[in-house]
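The primary structure of each chain is shown beneath.
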Amino acid sequence: MKIYLTNVFVDDQQKALDFYTNKLGFEKKHDIPLGEDNRWLTVTSAEDKDGPELLLEPSGHAAVPPFKKALKDDGIPAASFSVEDLAAEHKRLESLGVEFVKPPTKAGDVTMAVLNDTCGNLIQLIQLPGN
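This text gives an overview of the structure that appears in the document. For every chain, the first residue of its written sequence is number 1, and the numbers climb from 1 along that sequence. Whole-chain, interface and lining totals are the exception, using all residues; otherwise, since this is a predicted model, local features are given only for residues with pLDDT of at least 70 and side-chain atom pairs are given and counted only at 80 or more. Values reported for side chains reflect all heavy atoms of the structure, with hydrogen atoms and water molecules removed beforehand.

Quick look at the environment of Pro104
Turning to step 1, where the next piece is worked out: Going along the chain from the N terminus, every DSSP run of H or I of four or more residues is numbered as a helix, and every run of E of two or more is numbered as a strand. Relative to the assigned elements, Pro104 resides in strand E6 (residues 100-107).
Turning to step 2, where the next piece is worked out: Taking the C-alpha atoms as reference, Pro104 lies 18 Å from Lys72; in sequence the two are 32 residues apart.
Turning to step 3, where the next piece is worked out: Whether two residues touch is decided by their heavy atoms; if any such pair falls within 4.5 Å, the residues are in contact. Setting aside chain neighbours within four positions, we find Pro104 in contact with Leu86, His90, Thr111, Met112 and Ala113.

So this is what it looks like as structure tokens:
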């Protein structure tokens with residue numbers, strides 16, 4: 001068994017697509033219209049194009065906005081992505097105007113940072129041991 005798909009709820013799918021591709025470096029995999037301006041919109045890692053997909057899912061369900069707000073207010077990331085060199089990635093993303101709410105911080109054997117994805121979520125970047 002392996003992970004095929006996970007999601008983040010986004011306030012605006014087009015804005016999310018721009019952020020996740022042009023800032024974070026993911027690549028669009030699927031973009032299928034579903035009506036009412038909603039799409040089955042997924043991205044995948046440029047480093048693993050056949051790997052797990054991230055669904056940029058509309059936040060339209062009534063339960064989603066309070067859920068997202070509670071996570072963000074408590075500083076809990078909606079997703080976590082690994083990077084090889086967090087210091088370099090932090091510098092690259094800051095140069096693109098990405099807002100970090102938590103700078104790179106050591107936590108035991110890992111280093112992590114948290115950014116604002118501009119679509120209502122906090123996203124954690126993590127550098128695992130050995131990188």
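Some remarks on the side chain of His90
Turning to step 1, where the next piece is worked out: For His90, the location among the structural elements is in helix H3 (residues 86-95).
Turning to step 2, where the next piece is worked out: Residue burial is assigned from relative accessible area. The probe radius is 1.4 Å, only protein chains are included, and a residue is buried under 20% of its type maximum, exposed over 50%, and partly exposed in between. Note on His90: relative accessible area 13%, which makes it buried.
Turning to step 3, where the next piece is worked out: Other than its neighbours up to four places away in sequence, His90 contacts Phe100, Pro103 and Pro104.

A closer look at the layout of surface pockets
Turning to step 1, where the next piece is worked out: Space inside the largest pocket adds up to approximately 670 Å³.
Turning to step 2, where the next piece is worked out: If you trace the largest pocket, you find 26 residues lining it, with Phe26, Ser45, Ser80, Phe81 and Ser82 closest to the centre.
Turning to step 3, where the next piece is worked out: Ranked by the residues each element gives to the lining of the largest pocket, the list is headed by strand E5 (residues 79-82), at four residues.
Turning to step 4, where the next piece is worked out: For the lining of the largest pocket, the residue count by class is 13 nonpolar, eight polar and five charged. In the cavity and pocket records, a cavity denotes points on a 1 Å grid over the protein atoms alone where a 1.4 Å probe fits but cannot get out, a pocket denotes an open set with protein on both sides within 12 Å along at least 5 of 7 lines, and lining residues are residues with an atom within 4 Å of a point. Grid points are joined across faces, edges and corners, and a volume is the space filled by probe spheres set on the points. Residues are grouped as follows: Ala, Val, Leu, Ile, Met, Phe, Trp, Tyr, Cys and Pro are nonpolar; Asp, Glu, Lys and Arg are charged; every other residue, Gly included, is polar.

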